[in-house]
Protein chains: 2
Amino acid sequence: MTAKPHRVVIVGAGFGGLETTYRLAGSPVEITLIDRRNHHLFQPLLYQVATASLATSDIAWPIRHLMRARREVTTLFATVSGVDAERRAVLLDDGSEVPYDTLVLATGVRHAYFGHDEWEQFAPGLKTLEDATTLRRHILVAFERAERETDPARRAARLTFVIIGAGPTGVELAGTIAEMAHHTLPGDFRNIDTRKARVVLIEAGPRVLAGFADDLSAYAQASLEKIGVEVVLGQPVTEVDRDGVVHGGQRLNAKTRIWAAGVRASPAAEWLNAPADRAGRVEVADDLTVPGHPDVFAIGDTVTIPAWDGKPVPGIAPAAKQQGRYVANLIKARLRGEKLGPFRYKHAGSLAQIGKRLAVIDFGRVKLRGAIAWWIWGIAHIYFLIGLRHRLAVALTWLWIYVRDQRAARLITQGSSKVVG
Amino acid sequence: MTAKPHRVVIVGAGFGGLETTYRLAGSPVEITLIDRRNHHLFQPLLYQVATASLATSDIAWPIRHLMRARREVTTLFATVSGVDAERRAVLLDDGSEVPYDTLVLATGVRHAYFGHDEWEQFAPGLKTLEDATTLRRHILVAFERAERETDPARRAARLTFVIIGAGPTGVELAGTIAEMAHHTLPGDFRNIDTRKARVVLIEAGPRVLAGFADDLSAYAQASLEKIGVEVVLGQPVTEVDRDGVVHGGQRLNAKTRIWAAGVRASPAAEWLNAPADRAGRVEVADDLTVPGHPDVFAIGDTVTIPAWDGKPVPGIAPAAKQQGRYVANLIKARLRGEKLGPFRYKHAGSLAQIGKRLAVIDFGRVKLRGAIAWWIWGIAHIYFLIGLRHRLAVALTWLWIYVRDQRAARLITQGSSKVVG
């Protein structure tokens with residue numbers, strides 16, 4: 001071993017970047033972990049912040065606190081603006097640089113509007129804590145406005161919630177909003193019956209939860225309809241504006257519109273002039289390096305891997321973690337002068353919560369649904385939270401929702417009653 | 001009883017307004033409770049949100065949820081713009097009105113800058129949940145910036161925290177920031193020693209906690225100094241700008257400045273052309289009515305009552321609650337055609353937390369300090385939280401801070417690493 005340790009720079013402290021950092025523990029490396037946020041976010045539960053179930057601090061951790069015992073890790077709260085691959089340096093937006101020997105890009109995705117960027121202002125998406133508190137405000141203000149509205153048509157528009165895209169996030173949002181309207185909010189209002197709120201889930205494809213087996217999709221759809229969600233399939237949304245959406249040639253007036261339909265990768269591919277798919281995802285080699293850059297890895301949502309089962313590797317936390325683990329192992333092997341075979345994705349299963357006591361789990365051969373799936377879903381998510389305090393806090397909150405249907409985080413913040421919209 | 005119930009309109013759902021509403025339960029009245037926020041806020045613990053100890057949802061409750069079982073109470077999420085006392089109607093900013101037979105104004109205060117409104121942008125105050133998350137961002141970003149700063153003078157300015165005003169809020173903020181720097185954050189950073197951060201508490205008056213007995217003030221000051229707070233007394237701040245403050249003719253470079261020095265009442269006095277003191281507080285009659293308006297009460301922080309012990313009634317939660325209870329009783333007495341004597345304030349005591357295991361309590365004859373006072377302070381605050389869930393959540397969080405010095409809510413939100421300042 002030389003006196004100068006190998007410098008690994010990891011951009012992005014999501015599931016992939018964090019796992020790479022964890023798995024490099026004990027290696028002769030010096031790690032710089034860069035994120036433009038100060039916290040790691042447990043994105044699978046972000047929709048619960050948006051629907052007033054969990055507090056922001058229940059699903060987020062200060063990155064440097066997670067790394068406090070790792071003296072070889074330096075956490076940088078900074079925004080990356082590019083990569084100079086020739087000089088092997090990450091460029092920051094304040095003009096400074098961070099040199100690397102090995103670079104790992106785990107920069108994730110944002111929502112994308114299929115060429116209709118102007119829709120974003122009318123149908124916000126859900127990727128960050130701010131997105132979640134913004135959505136929470138939208139949803140809660142809609143009920144408040146409806147309570148004060150006297151015109152029946154305008155009141156109906158206030159009480160119509162459209163979710164565009166029926167993947168796991170769309171399904172979970174639709175189910176939770178429907179349950180809020182039916183179980184949490186009735187009794188709190190005097191002029192409106194929140195149970196009459198319409199929750200409409202619109203999907204361009206032929207079924208909800210396209211990543212799951214057919215029968216689980218059918219079950220999820222039936223369950224959603226049972227708890228009061230209107231499911232519209234096979235109809236892309238062709239227009240989104242301040243009054244509602246158009247789908248199948250029909251206008252639907254809705255004051256709350258949520259985008260859960262498409263994502264676009266972070267500009268990692270542009271930074272490196274790397275091959276990318278239509279969504280901007282880097283087409284990495286089978287060892288997860290960026291073609292032409294053997295010292296640069298890209299992992300997680302920001303890449304596309306055609307491997308698994310004919311289908312691409314899904315953009316879920318376990319997949320990102322597997323890639324992080326593989327890259328850490330490959331870096332360690334290289335430092336020892338050894339080689340490693342290509343990355344192989346192993347699909348553990350797909351989970352989605354539909355309602356308070358309803359979920360679907362697709363383990364491949366084993367498929368679960370209903371209450372038993374919901375309990376496994378809940379226990380699995382609590383297990384994957386970091387730290388005992390977060391586990392206790394989330395368990396306590398869910399217990400409260402389960403037993404009493406009360407959602408404590410029903411706070412309208414960032415603005416008083418004078419909210420625009 | 002007539003067929004038409006007596007209409008009571010209560011503006012403001014703080015401690016005073018909420019207590020009035022609670023105490024009117026069972027009376028032949030129809031209540032409209034108006035607030036421009038959708039939540040009641042437990043302000044005594046707001047500084048703990050600002051210092052990353054508690055989550056926003058730990059100390060706030062949706063108002064209409066608190067009133068869900070009270071069918072005679074209508075909750076209005078709206079901003080009041082004035083009062084038409086002649087026509088007996090509250091005017092809302094959307095042009096609509098709410099008629100009343102009896103009006104209760106419990107509209108609170110905002111921070112005030114003694115004629116230097118331009119200081120607000122440089123030294124934010126702490127009254128709302130947004131104020132608290134803004135302050136939290138300021139404080140956490142200061143440490144992040146210091147970690148990346150290479151110039152020693154600029155780094156020192158990033159690590160200097162000035163709190164202006166040494167009342168309970170100022171003392172509690174200073175003590176908690178000092179404990180964060182000394183116990184929570186060390187080990188998380190690589191380039192700075194957070195224990196070298198300076199926390200400077202500047203007070204124009206001769207002692208800290210002026211509302212407490214002299215010996216408790218002295219004890220509080222000694223305790224603050226022991227945990228690393230620099231206390232500056234008898235020096236008004238004469239200048240606040242983007243680089244720091246000036247006090248006693250000396251400039252102190254500090255990138256974080258917090259205002260805990262003065263308040264200004266809401267415009268209730270202006271709405272009614274009522275007599276007011278310099279801070280805009282309504283000078284109410286001894287039955288808490290606004291002079292010239294026998295059907296309009298004003299209570300809580302928005303009024304000044306010269307009664308107690310030569311000193312004015314303090315602007316604390318128990319005082320507001322006593323006034324709310326008195327007004328509810330007076331309204332009920334009037335409805336029965338009875339009279340009630342003037343309002344008498346009974347001071348239960350003053351509490352302030354200094355540090356993790358330090359507090360002072362002034363019960364008048366009994367004075368407590370140190371660990372025993374801290375335990376009573378903690379238990380009292382948990383007791384006064386509404387609802388078992390909030391009590392459990394706060395107790396769990398405090399237990400974690402007590403045992404492990406970890407603060408879970410260390411989240412920088414509303415902006416990425418590109419924060420201005």
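Residues numbered from 1 in each chain as written. Chains lettered and ligands numbered in written order. Predicted model: local features only at pLDDT ≥ 70, side-chain atom pairs only at ≥ 80, totals over all residues. Heavy atoms only, no water.

Per an unreviewed UniProt entry, chain A is named NADH:ubiquinone reductase (non-electrogenic), and its organism is Bradyrhizobium iriomotense. According to its UniProt record, chain A has this under Catalytic activity (unreviewed entry): "a quinone + NADH + H(+) = a quinol + NAD(+)". For chain A, the Sequence similarities (unreviewed entry) comment in UniProt is given as "Belongs to the NADH dehydrogenase family." (UniProt positions renumbered as here; feature names shortened; annotations may be inferred.)

(A) Here's a closer look at the overall build of chain A. Tallying secondary structure elements over chain A gives eleven helices and 25 strands in all. Here the C-alpha radius of gyration of chain A, 22 Å, is about what a compact globule of 421 residues would show, namely 22 Å. Once local pairs closer than 6 in sequence are excluded, the contacts in chain A between residues at least 24 apart make up 63%. Carbon and sulfur atoms provide 52% of the accessible area of chain A, an area that totals close to 17,200 Å². (Helix = DSSP H or I, 4+ residues; strand = E, 2+ residues; numbered from the N terminus. Rg over C-alpha atoms; globule rule 2.2 N^0.38 Å. Contact = heavy atoms within 4.5 Å. Areas by Shrake-Rupley, 256 points an atom, 1.4 Å probe, with all protein chains shown as cover.)

(B) Fine view of helix α10 (residues 370-384) of chain B. All names here are of chain B. With 15 residues, α10 ought to run about 21 Å at 1.5 Å a step, and its terminal C-alpha atoms sit 21 Å apart, in line with that. Looking at α10, one finds that the buried residues are Gly370, Ala373, Trp374, Trp377, Gly378, His381 and Ile382. When α10 is viewed along its axis, its buried side chains cluster within an angular range of 165 degrees and face the same direction. More than 90 degrees from the buried face of α10, the exposed residues found are Ile372, Ile379 and Tyr383. (Expected span 1.5 Å × (residues − 1). Buried < 20%, exposed > 50% of the residue type's maximum accessible area, 1.4 Å probe, protein only. Arc of directions from axis to C-beta.)

(C) Focus on the sheet that holds strand β16 (residues 250-253) of chain B. All names here are of chain B. Read across the open sheet, the three strands follow the order β14-β15-β16; overall the sheet is antiparallel. Of all strands in the sheet, those bounded by a partner on one side alone are β14 (237-240) and β16. Neighbouring strand axes in the sheet, compared pairwise and without regard to direction, differ in orientation by 25 degrees on average. (Pairing = 2+ DSSP bridges. Axes fitted to C-alpha atoms, helices over the stretch in contact; angles between N-to-C directions.)

(D) Molecular detail of the interface of chain B and chain A. Taken together, the contact pairs 59 residues of chain B with 59 residues of chain A. Taken together, both faces of the contact between chain B and chain A bury some 5,200 Å²; the carbon and sulfur share is 54%. Applying the counting rule to chain B against chain A returns seven salt bridges. In this structure, the salt-bridge partner of arginine 148 of chain A is aspartate 94 of chain B, at a minimum N-O distance of 2.4 Å. Between the two partners, chain B and chain A, sit 29 residue pairs in polar contact (both at pLDDT 80 or more). Secondary-structure elements contributing two or more residues to the side of chain B that touches chain A are β4 (60-62), α3 (63-66), β5 (73-77), α4 (129-148) and α11 (388-404) of chain B. For the side of chain B that touches chain A, the element with the most residues is α11 of chain B, which contributes eight residues. For the side of chain B that touches chain A, a count of residues per class yields 24 nonpolar, 18 polar and 17 charged. (Buried area = accessible area lost by both parts, 1.4 Å probe. Salt bridge = Lys/Arg side-chain N within 4 Å of Asp/Glu carboxyl O. Polar contact = N/O pair within 3.5 Å; in protein donor to acceptor, adjacent residues only side chain to side chain. Nonpolar A, V, L, I, M, F, W, Y, C, P; charged D, E, K, R; others polar.)

(E) Highlighting the UniProt feature "transmembrane region" (unreviewed entry) in chain A. UniProt's feature table lists "transmembrane region" (unreviewed entry) at residues 374-401 of chain A, given in the numbering used throughout. Taken end to end, residues 374-401 of chain A is 89% helix and 0% strand, and its two terminal C-alpha atoms sit 14 Å from one another.

(F) Quick peek at unusual backbone geometry. The backbone of alanine 52 of chain B sits at a positive phi, close to 65 degrees, despite the residue not being glycine. Inspection of the secondary structure assignment puts alanine 52 of chain B in the loop between α2 (46-50) and β4.

(G) Expanded view of the pattern of salt bridges. With the rule as written, the count across this model stands at 52 salt bridges over all chains. The partner of aspartate 188 of chain B in a salt bridge is arginine 410 of chain B, with the nearest N and O atoms 2.8 Å apart. On the criterion of sequence distance, the pair formed by aspartate 188 of chain B in the loop between α6 (168-184) and β12 (198-202) and arginine 410 of chain B in the segment after α11 is long-range, its members being 222 residues apart. There is no split in this pair, since aspartate 188 of chain B and arginine 410 of chain B are both buried. Here the residues in one salt-bridge network are Glu19, Arg23 and Arg325 of chain A, joined through shared partners.

(H) Representation of a nonpolar patch on the surface in the model. Residues and elements named next belong to chain A. On the surface, Phe363, Val366, Ile372 and Ile376 cluster together into a nonpolar patch covering about 340 Å² of accessible area. As for its placement among the helices and strands, phenylalanine 363 is situated in the loop between β24 (358-362) and β25 (367-369). A relative accessible area of 39% places phenylalanine 363 in the partly exposed class. (Patch = residues over 30% accessible without salt bridge, like charges linked within 9 Å, V, L, I, M, F, W, Y side chains within 5 Å.)

(I) Up close: the pairing of strand β21 (residues 293-298) of chain A. Residues and elements named next belong to chain A. For strand β9 (residues 102-105) and β21, the ladder comprises three bridges, and the chain directions are parallel. Looking at β21, one finds that leucine 105 is bridged to alanine 298. What sits between the antiparallel neighbours strand β20 (residues 289-290) and β21 is a turn of two residues, in which glycine 292 has the positive phi angle 85 degrees.

(J) Looking closely at the relation of the copies chain B and chain A. Its rotation angle being 180 degrees, the transformation that places chain B on chain A also includes 0.0 Å of axial translation and leaves an RMSD of 0.0 Å. Taken together, these values place the two copies in the relation of a two-fold axis. (Least-squares fit on C-alpha atoms with pLDDT ≥ 70 in both.)

(K) Spatial organisation of the domain arrangement of chain A. All names here are of chain A. One can read the domain layout of chain A as domain 1 (6-36 + 78-111 + 263-335) and domain 2 (117-261). Counting residues at the interface gives four residues for domain 1 and seven residues for domain 2. Of the roughly 490 Å² buried between domain 1 and domain 2 on both sides combined, carbon and sulfur atoms contribute 50%. Interface area lost by domain 1 to domain 2 is led by Arg110, His111 and Val263, which between them contribute 82%. Here domain 1 and domain 2 share two salt bridges between them. Notably, a salt bridge pairs aspartate 131 with arginine 110, separated by 3.2 Å at the nearest N-O pair. The tally of links between domain 1 and domain 2 comes to three residue pairs in polar contact (both at pLDDT 80 or more). (Domains from an automatic or database assignment.)

(L) Spatial organisation of the sheet that holds strand β25 (residues 367-369) of chain B. All names here are of chain B. The strand order β23-β24-β25 describes an open sheet built from three strands, whose pairing is antiparallel. The two strands at the open ends of the sheet, each matched to only one other strand, are β23 (350-355) and β25. Going from strand to strand, the sheet's axes swing by 10 degrees on average, the running direction of each strand aside. Pairing of β23 with strand β24 (residues 358-362) involves five bridges; the strand directions are antiparallel. Bridge pairing in β24 links glutamine 353 to alanine 359.

(M) How the structure looks around the confidence of the model for chain A. All names here are of chain A. For chain A, mean pLDDT is 93; residues scoring 70 or higher make up 97% of the total. Contacts of residues 415-421 to residues separated by more than four positions or lying in other chains number 17 contacts, the stretch itself having pLDDT below 50. Our summary of model confidence lists the complex with pTM equal to 0.91 and ipTM equal to 0.87. (pLDDT = per-residue confidence, 0-100.)

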